[in-house]
Amino acid sequence: QVQLVESGGGSVQAGGSLRLSCAASGYTYSSYCMGWFRQAPGKEREAVAAIDSDESTSYTDSVQGRFTISRDNAKNTLYLQMNSLKPEDTAMYYCAAAGSSCLGARFAYWGQGTQVTVSS
């Protein structure tokens, strides 16, 4: 059974930083695409960042330059380093995993989410 568990969320002031983690189990972590998504109240879920098996990365424009996605294959853990946080970043953040490379990936596995709240 594939399980993804996020941690690291919390409440911070604007300009602060958080590091989200996603621990994966029951999954060949290093072989496929993984990503972070978020959903704020009244808004649709959006992709934030993704990382492929070769560690190539992609980001949505609103977080590029502020967020960094990375993976530690030995630890089966995905990270999202979030710097210069803005109130607009407030959302529930979800870790997701696909069964393919990031190109054309379908994310079949999802974590429970971790809340990030940024106050001004």
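Everything discussed here concerns the structure shown above.
Residues numbered from 1 in each chain as written. Predicted model: local features only at pLDDT ≥ 70, side-chain atom pairs only at ≥ 80, totals over all residues. Heavy atoms only, no water.

1. As for the overall build of the protein chain
Alright, step 1. The helix and strand tally for the protein chain stands at zero helices and 11 strands.
Alright, step 2. By its C-alpha atoms, the protein chain is 40 × 30 × 25 Å across when sized along the principal axes.
Alright, step 3. Counting only residues that meet the buried cut, the protein chain has 38% of its 120 residues in that class.
Alright, step 4. For the protein chain, long-range pairs separated by at least 24 residues make up 56% of all intrachain contacts whose partners lie at least 6 apart in sequence.
Alright, step 5. Summing over all exposed atoms, the protein chain offers an accessible surface of approximately 6,200 Å²; the carbon and sulfur share of this is 44%. (Helix = DSSP H or I, 4+ residues; strand = E, 2+ residues; numbered from the N terminus. Buried < 20%, exposed > 50% of the residue type's maximum accessible area, 1.4 Å probe, protein only. Contact = heavy atoms within 4.5 Å. Areas by Shrake-Rupley, 256 points an atom, 1.4 Å probe, with all protein chains shown as cover.)

2. Some points on the environment of G16
Alright, step 1. Secondary-structure assignment places G16 in the loop between β2 (10-13) and β3 (18-25).
Alright, step 2. Residue G16 is classed as partly exposed on the basis of its relative accessible area, which comes to 22%.
Alright, step 3. C-alpha separation for the pair G16 and Y79, spaced 63 residues apart in sequence, amounts to 17 Å.
Alright, step 4. For G16, the contacting residues outside a window of four places in its chain are M82, N83, S84 and L85.

3. So, the pairing of strand β4 (residues 34-39)
Alright, step 1. Judged by how many residues are buried, β4 sits mostly within the fold: five of six residues are covered.
Alright, step 2. Summarising the sheet, β4 and strand β5 (residues 46-51) pair through five bridges and their orientation is antiparallel. If you follow F37 over to β5, its bridge partner there is A47.
Alright, step 3. Linkage of β4 to β5, two consecutive antiparallel strands, is achieved through a turn of six residues, within which G42 is found at a positive phi near 80 degrees. (Pairing = 2+ DSSP bridges.)

4. Considering the packing of aromatic side chains
Alright, step 1. Taken as a whole, this structure holds three aromatic pairs when the rule is applied.
Alright, step 2. When the ring of F37 is compared with that of W110, the centres are 4.8 Å apart and the planes differ by 55 degrees; the resulting orientation is tilted. Here F37, found in strand β4, pairs with W110, found in strand β10 (residues 107-110); they are 73 residues apart in sequence, far enough to count as distant.
Alright, step 3. We classify F37 as buried; its relative accessible area is 11%.
Alright, step 4. The exposure class of W110 is partly exposed, given its relative accessible area of 30%.
Alright, step 5. Aromatic rings pair up to connect F37, F107 and W110 into one cluster.
Alright, step 6. Here the basic side chain of R19 rests over the ring of Y79, its NZ or CZ set 3.9 Å away from the ring centre.
Alright, step 7. Directly above the ring of F37 sits R45, whose terminal nitrogen or CZ lies 5.9 Å from the centroid. (Phe/Tyr/Trp six-rings, centres within 6.5 Å; stacked < 30°, edge-to-face > 60°. Lys NZ or Arg CZ within 6 Å of the ring centre and 35° of its normal.)

5. Brief notes about the side chain of R38
Alright, step 1. Among the structural elements, R38 can be located in strand β4.
Alright, step 2. Here E46 takes part through its side chain, which lies 2.7 Å from a polar atom of the side chain of R38.
Alright, step 3. A distance of 3.3 Å separates a polar atom in the side chain of R38 from a polar atom in the side chain of S62.
Alright, step 4. Setting aside its immediate chain neighbours within four residues, R38 contacts E44, R45, E46, V48, S62, V63, F67, D89, A91, M92 and Y93. (Polar contact = N/O pair within 3.5 Å; in protein donor to acceptor, adjacent residues only side chain to side chain.)

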